[in-house]
Amino acid sequence: MIRVVVADDQALVRAGVRMLLQASGDMEVVGEAEDGAEAVRLAELHVPDVILMDLRMPRVDGVEAIRRVLSSRPGARIVVLTTFAEDADVYAALRAGAIGFLVKDDEPERMVEAVRRAAAGEQLLAPSVLRRVVERALDAQAHADLPTPAGLTERELDVLALLGTGLSNAEIADELHIGVTTVKTHVAGVMDKLGLRNRIQAAVVAHRVGLVDAAFKTVRRD
């Protein structure tokens, strides 16, 4: 059972998220917080597998709450859940250490999948957020020091290209008709060979070297 803390200043949002997650059958909401300070306290009290964290909350906002949680529990897995998707929010939350970022108008199923992926240690960004992060990084040349994918196998290049579109390990497995465990092995190989820290960097590399086009679709190689 995946144990979750939900932090949002709106009671209706918290109730909706709780009902959605608990209806999944493999999740339990062990705490609800209406502000960042309470989120930090509940994270310490319950040691949840995943924390869903709103950004705009009273007393202590979501970004500061992320910092405080991770200062005491570096391995905590926090997914940001917010109405806003402006650049400043995205970058501040990611710099603070969030493992994922969802906007509240995403499909409900995506939230459930996001919690599962976060619990498994897999990074997740909503497609609109990933697009913004990659485009900003490319425009600013912020990742000019990232490597080229020399030395990757053909299958690892396929996986890198699909990482660039934001697909999960399960979605990559379906696309390539291979097992999820095999995908995890290839993802680990890509990260290790290229010295990457996370899937966001992998997405930037995939776009920069032309494995993914501007429409976030993979580019066929001859």
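Residues numbered from 1 in each chain as written. Predicted model: local features only at pLDDT ≥ 70, side-chain atom pairs only at ≥ 80, totals over all residues. Heavy atoms only, no water.

Some words on the pairing of strand β5 (residues 100–103)
Selection criterion: Relative accessible area decides the class of each residue, using a 1.4 Å probe on protein chains only: under 20% of the type maximum gives buried, over 50% gives exposed, and in between gives partly exposed. The numbering of helices and of strands both runs from the N terminus, where a helix is a DSSP run of H or I of at least 4 residues and a strand a run of E of at least 2. Strands qualify as paired when DSSP identifies two bridges or more between them. Looking down the strands as they point away from you, a crossover is right-handed if its path from the first strand over the helix to the second goes clockwise.
Here β5 shows no split at all, with G100 and L102 on one side and F101 and V103 on the other all buried. Both β5 and strand β6 (residues 124–125) contribute to a ladder of two bridges, which runs parallel. Residue pairing in the sheet places F101 in a bridge with L125 of β6. On the question of chirality, the crossover connecting β5 to the parallel β6 by way of helix α5 (residues 108–119) is left-handed.

What to know about empty space enclosed by the protein
The test is simple: Points on a 1 Å grid, built from protein atoms alone, make a cavity when a 1.4 Å probe fits but cannot get out and make a pocket when they are open with protein on both sides within 12 Å along at least 5 of 7 lines; residues with an atom within 4 Å of a point are the lining residues. Grid points are joined across faces, edges and corners, and a volume is the space filled by probe spheres set on the points.
Enumeration over the complete set of coordinates arrives at three cavities of 30 Å³ or more. The space that makes up the largest cavity amounts to roughly 110 Å³. Forming the boundary of the largest cavity are R117, Q123, L124, L125, L130, L163, G166, L167, R199, I200 and A203. Residue assignment for the lining of the largest cavity shows that the elements contributing at least two residues are β6 and α10 (199–208). Counting residues per element, the lining of the largest cavity draws most heavily on α10, which supplies three residues.

Digging into the side chain of T165
Here is the rule: Pairing of N or O atoms within 3.5 Å defines a polar contact, subject to two protein rules: one partner must be a possible hydrogen donor and the other a possible acceptor, and residues neighboring in sequence count only if both atoms are side-chain atoms. The contact criterion used throughout is that any non-hydrogen atoms of two residues lie within 4.5 Å.
As for its position among the elements, T165 is in the loop between α7 (154–163) and α8 (169–176). Here the side chain of T165 touches L162 through a polar contact of 2.8 Å, landing on its backbone oxygen. Excluding residues that lie within four positions of it along the chain, T165 makes contacts with L130, V212, F216, K217 and T218.

Concerning the environment of F101
Within the secondary structure, F101 is located in strand β5. For F101, a relative accessible area of 0% puts it in the buried group. Residues F101 and L81 lie 20 residues apart in sequence; the distance between their C-alpha atoms is 6.3 Å.

Here's the deal with the nonpolar core
Stated formally: Nonpolar cores were defined as sets of buried Ala, Val, Leu, Ile, Met, Phe, Trp, Tyr and Cys residues, with membership established by side-chain atoms within 4.5 Å.
Core analysis: the biggest nonpolar cluster contains 59 residues, and L21, M53 and I66 have the highest contact counts within it. The element best represented in this core is helix α4 (residues 87–96), accounting for six residues. For M53, the contacting residues outside a window of four places in its chain are A7, A39, G62, A65, I66, I78, V79, V80 and L81. If you look at the next biggest cluster of nonpolar residues, it comprises 21 residues, including L152, V187, L196 and V212.

A closer look at α8
Heads up, the rule is: It is the directions from the helix axis to the C-beta atoms that the arc portrays.
Within the sequence span of α8, burial applies to N169, I172, A173 and L176. When α8 is viewed along its axis, its buried side chains cluster within an angular range of 100° and face the same direction. Across from the buried face of α8, at angles greater than 90 degrees, the exposed residues are D174 and E175. Among the residues trailing α8, H177 stands out with phi positive, at a value near 60°.

A closer look at the environment of I178
Looking at the secondary structure, you find I178 in the loop between α8 and α9 (180–194). For I178, a relative accessible area of 21% translates into the label partly exposed. When the C-alpha atoms of I178 and S168 are compared, they prove to be 13 Å apart, with ten residues separating the residues in sequence. Excluding residues that lie within four positions of it along the chain, I178 makes contacts with R155, A173, V183 and H186.

Things to note about the pattern of salt bridges
Stated precisely, the cut-off is as follows: One speaks of a salt bridge when a side-chain nitrogen belonging to Lys or Arg is within 4 Å of a carboxyl oxygen belonging to Asp or Glu.
Evaluation of the coordinates by the stated rule reveals 13 salt bridges. Here E156 ties to K193 by a salt bridge, and the two come within 2.9 Å at their closest N and O atoms. Taken as a pair, E156 in helix α7 and K193 in helix α9 lie far apart in primary sequence, 37 residues in all. For E156, a relative accessible area of 7% gives the class buried. Classification of K193 as partly exposed rests on a relative accessible area of 43%.

A closer look at the packing of helix α2 (residues 36–46) against helix α3 (residues 62–72)
Note the threshold: Note on geometry: axes are lines fitted to C-alpha atoms, helical ones only across the stretch in contact, with angles between N-to-C directions running from 0 to 180 degrees. Roughly parallel refers to an angle under 35 degrees, roughly antiparallel to one over 145, roughly perpendicular to one between 65 and 115, and oblique to any angle outside these ranges. Each helix crossing is assigned a hand: it is left-handed if the near helix lies turned anticlockwise from the far helix by less than a right angle, otherwise right-handed if that turn is clockwise. The classification used treats Ala, Val, Leu, Ile, Met, Phe, Trp, Tyr, Cys and Pro as nonpolar, Asp, Glu, Lys and Arg as charged, and all other residues, Gly among them, as polar.
Interhelical geometry of α2 versus α3 gives an angle of 20° and a closest axis separation of 9 Å. Taken together, the axes of α2 and α3 are roughly parallel relative to one another. Pair α2 / α3 crosses with right-handed handedness. Judged by residue contacts, G36, V40, A43 and E44 of α2 engage A65, R68, V69 and S72 from α3. The residue makeup of the contact of α2 with α3, split by class, is four nonpolar, two polar and two charged.

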